[in-house]
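# Commentary on secondary and tertiary structure
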Amino acid sequence: MNSLLKKLTGLTVAATLMASGAYADTIRIALAETPSDELAAFFVALDRAKANGLDYEWTAFADEELAIQAVLSGQMDIGFGTPYAAMQRSKAPLRIIYQLSKLVFFPVTTME
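A short tour of the structure in this document, coming up. (Residues numbered from 1 in each chain as written. Predicted model: local features only at pLDDT ≥ 70, side-chain atom pairs only at ≥ 80, totals over all residues. Heavy atoms only, no water.)

### Regarding the overall build of the protein
- A count of helical and extended segments in the protein gives four helices and three strands.
- Traced from its N-terminal end to its C-terminal end, the protein shows the element sequence α-β-α-β-α-β-α.
- Taking all contacts inside the protein whose residues are at least 6 apart in sequence as the whole, residues at least 24 apart take part in 65%.
- When the accessible area of the protein is evaluated, it comes to approximately 8100 Å², of which 57% is carbon and sulfur surface. (Helix = DSSP H or I, 4+ residues; strand = E, 2+ residues; numbered from the N terminus. Contact = heavy atoms within 4.5 Å. Areas by Shrake-Rupley, 256 points an atom, 1.4 Å probe, with all protein chains shown as cover.)

### Some points on the sheet that holds strand β1 (residues 27-31)
- Spatially, the three strands line up as an open sheet ordered β2-β1-β3, and their pairing is parallel. The sheet is open, and its two borders are formed by β2 (56-60) and β3 (78-80), each paired with just one other strand. The average angle at which neighbouring strand axes cross in this sheet is 25 degrees, direction not considered.
- Note: β1 against β3, three bridges, orientation parallel. Across the sheet, the residue bridging to Leu31 is Phe80, located in β3.
- Across the sheet, helix α2 (residues 40-51) touches β1, β2 and β3, and the angle it forms with β2 is around 160 degrees. (Pairing = 2+ DSSP bridges. Axes fitted to C-alpha atoms, helices over the stretch in contact; angles between N-to-C directions.)

### Focus on helix α3 (residues 64-72)
- The complete set of buried residues in α3 reads Ala67, Ile68, Ala70 and Val71. Buried residues along α3 cover an arc of 155 degrees about the axis, so they all sit on one side.
- In the stretch just after α3, Gly74 is the one whose phi turns positive, near 90 degrees. (Buried < 20%, exposed > 50% of the residue type's maximum accessible area, 1.4 Å probe, protein only. Arc of directions from axis to C-beta.)

### Describing the nonpolar core
- Counting residues in hydrophobic clusters, the biggest one holds 11 residues: Ile27, Ile29, Leu31, Leu39, Phe42, Leu46, Ala49, Leu54, Tyr56, Ile78 and Phe80.
- Mapped onto this core, the elements with two or more residues apiece are β1, α2 and β3. (Core = buried A, V, L, I, M, F, W, Y, C linked by side-chain atoms within 4.5 Å.)

### Points about the pairing of β1
- The element β1 is largely enclosed, with a buried count of four among its five residues.
- Bridging between β1 and β2 involves five bridges; their strand directions are parallel. Residue pairing across strands places Ile29 opposite Trp58, the latter belonging to β2.
- Viewed along the sheet, the connection from β1 through α2 into β2 turns out right-handed. (Right-handed = clockwise from strand over helix to strand, strands pointing away.)

### A few points about α2
- Along its 12 residues, α2 runs 17 Å from first to last C-alpha, staying within 8% of the 16 Å computed at 1.5 Å per residue.
- Gly53, located one to two residues past α2, shows a positive phi value of around 105 degrees. (Expected span 1.5 Å × (residues − 1).)

### Focus: the environment of Ala85
- Positionally, Ala85 belongs in helix α4 (residues 84-89).
- Each C-alpha atom, one on Ala85 and one on Glu64, is 9.6 Å from the other, the two residues being 21 residues apart in sequence.

This is the structure:
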């Protein structure tokens with residue numbers, strides 16, 4: 001099940017980025033945090049999209065506010081992060097496109 005979820009996540013990201021590719025030669029992606037192991041699925045999806053012909057470049061910002069400002073000013077095409085406060089203050093039509101992960105709880109009990 002976990003493998004299926006990872007594949008679907010990768011396909012969703014790749015499809016979203018490829019659909020955005022119709023509007024620009026190079027997709028500029030603003031990361032709202034420094035790259036970490038939590039973003040591994042995202043980078044795998046980017047590599048798959050690149051193999052399918054998507055040209056992209058990404059920039060990591062130290063602050064979510066900086067990343068969203070780069071998107072609002074037109075310096076970046078897609079923002080990746082959760083800058084909810086900036087989205088609420090902005091009059092721009094910003095949208096959350098997809099959910100990358102899902103939190104699931106598994107209860108654990110003993111036979112005692």
